[in-house]
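Spelled out, the chains give:
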Amino acid sequence: MAKVIDGKTFARRLRNYITAQIAGLKEYQGEPPGLATVLVGSDPASEVYVRNKAKQTVDAGMVSFQYSLDAGTSEAELLQLIAELNADPRVHGILLQLPLPLHISTERVINAIEPAKDVDGFHISNVGLLGSGQKALVPCTPLGCMMMLRGQLGSLKGMHAVVIGRSNIVGKPMAQLLLADDCTVTIAHRHTLDLPNLCRQADILVVAVGRAEMVKSDWIKPGATVIDVGINRVEREGTARLVGDVDFKTVAVVADAITPVPGGVGPMTIACLLFNTWTAFCRRNGLPEPDENAFSLVDGIGVLNEFQRQAN
Ligand code: NDP
């Protein structure tokens, strides 16, 4: 039976790491790290996400600036707000909650965000930096997947990774990150031929499709590590439930390790938003780059605090 990769524990460790680092800032002058969240309209799911993100921001010791705009807000008004946040020294990260209303160009607004504050990693500059192997702000979901994979497997060098899904927010950056960690990477999509056979060759299988329990146990190479990004709402015996893109029960019999849904990739995505805000803060202030992997070694306690180390 596969080990369950506990995203909640990983996320707690990462939050503890960030909180400990921020606590060390007390010895420093200047603004604490700040994250601005921008929500346009009143989609209930988006409202919950933004509230959750804002709460975790404050819990970690950062400042949360929340902007909730009317669904009728024009693109020009939104761009004006983004320009103000770009110029605001208290704001280190800007999170634009998607989707935006249809009358606004998502691409134009994302690309108006100052790349150094683009904590979602969606700005074309960050996409280009990641693609060319340079220091970037990396999209939160694939970053969280990488942290869990490294925590689970150590080095990923030489492994064959198959990523199902090629979206700009998950599939493509995931593939870039796996490549940067020396995996041999195959990206699959709707038109891939014989997907089950391709998946059977994967040491690492990342699934980001949005189809409930599509990946079955006979798609899995024995001993593989499976990361299930999908979140699908289904009706089971009259009750609404969340399931992933992977048929967890049967796949867990064949795989070596697997993320559950819920409780896998989801919690790490929000924790990585905090990580990216902390990274943006450190880069702005010329502080040491946060360590993507240090947090997984210990449970947030006794983590070497860069600021304390510098102070000594
Ligand atoms: P998109 O809809 O943007 O992309 C889905 C991808 O899956 C596309 O590349 C599509 O291929 C591919 N696909 C669809 N059907 C098939 C199929 N039958 N066989 C092979 N490939 C297929 O989705 P996202 O990447 O935004 O999200 C994917 C899932 O991850 C969703 O369930 C979403 O809710 C979840 N998610 C979870 C997050 C978290 O924090 N846990 C964060 C972000 C997303 P093609 O390009 O050819 O159309």
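None of the values given here were measured: they were computed from a predicted structure.

Colleague: How would you sum up empty space enclosed by the protein? Please name residues and give values.
Modeller: In total, this model carries one cavity of 30 Å³ or more according to the counting rule given. By volume, the largest cavity amounts to about 40 Å³. For the lining of the largest cavity, the residue count by class is six nonpolar, no polar and two charged.

Colleague: I'd like a rundown of the packing of helix H2 (residues 44-59) against helix H10 (residues 265-284), residues and numbers included.
Modeller: Closest axis-to-axis distance for the H2/H10 pair is 10 Å, and the angle between their directions is 50°. Looking at the two axes, H2 sits oblique to H10. Where H2 crosses over H10, the handedness of that crossing is right-handed. Contact with H2, carried on its side by Asn52, Lys53, Gln56 and Thr57, involves Ile270, Leu273 and Leu274 of H10 and no other residues of that element.

Colleague: Before we move on, could you go through the domain arrangement of the chain and cite the residues and values that matter?
Modeller: What the domain assignment reports for the chain is domain 1 (26-114) and domain 2 (140-266). Here the C-alpha centre of domain 2 lies 29 Å away from the C-alpha centre of domain 1.

Colleague: Please provide a residue-by-residue account of the packing of helix H6 (residues 140-153) against helix H7 (residues 171-180), values included.
Modeller: Two numbers describe how H6 lies on H7: the axes approach to 9 Å, and their chain directions differ by 35°. Considering the relative orientation of H6 and H7, their crossing is right-handed. Side by side, H6 and H7 meet where Pro142, Leu143, Cys145, Met146 and Leu149 of the first sit next to Pro173, Met174, Leu177 and Leu178 of the second. For the contact of H6 with H7, the residue count by class is nine nonpolar, no polar and no charged.

Colleague: Can you lay out the side chain of threonine 57 for me, pointing to particular residues and giving the numbers?
Modeller: Its place among the elements puts threonine 57 in helix H2. Taking relative accessible area as the criterion, threonine 57 reaches 0% and is therefore assigned buried. Engagement of the side chain of threonine 57 in a polar contact is seen with the backbone oxygen of lysine 53, the distance being 2.6 Å. Excluding anything up to four places from it in sequence, threonine 57 contacts Leu35, Met62, Val63, Ser64 and Leu274.

Colleague: Give me the lowdown on the side chain of lysine 53, citing residues and values where you can.
Modeller: By the secondary structure assignment, lysine 53 is in helix H2. No salt bridge is formed by the buried lysine 53, whose closest oppositely charged neighbour, aspartate 120, lies at an N-O distance of 6.0 Å. Those residues in contact with lysine 53 that sit more than four places away from it in its chain are Leu95, Gln97, Ile270 and Leu273.

Definitions and cut-offs
- Residues numbered from 1 in each chain as written.
- Predicted model: local features only at pLDDT ≥ 70, side-chain atom pairs only at ≥ 80, totals over all residues.
- Heavy atoms only, no water.
- 1 Å grid on protein atoms, 1.4 Å probe; cavity = no way out; pocket = protein on both sides within 12 Å on 5 of 7 lines; lining within 4 Å.
- Points joined across faces, edges and corners; volume = space filled by probe spheres on them.
- Nonpolar A, V, L, I, M, F, W, Y, C, P; charged D, E, K, R; others polar.
- Axes fitted to C-alpha atoms, helices over the stretch in contact; angles between N-to-C directions.
- Helix = DSSP H or I, 4+ residues; strand = E, 2+ residues; numbered from the N terminus.
- Parallel < 35°, antiparallel > 145°, perpendicular 65-115°, else oblique.
- Left-handed = near helix turned anticlockwise from the far one by under 90°.
- Contact = heavy atoms within 4.5 Å.
- Domains from an automatic or database assignment.
- Buried < 20%, exposed > 50% of the residue type's maximum accessible area, 1.4 Å probe, protein only.
- Polar contact = N/O pair within 3.5 Å; in protein donor to acceptor, adjacent residues only side chain to side chain.
- Lys, Arg positive; Asp, Glu negative; His and termini not counted.
- Salt bridge = Lys/Arg side-chain N within 4 Å of Asp/Glu carboxyl O.

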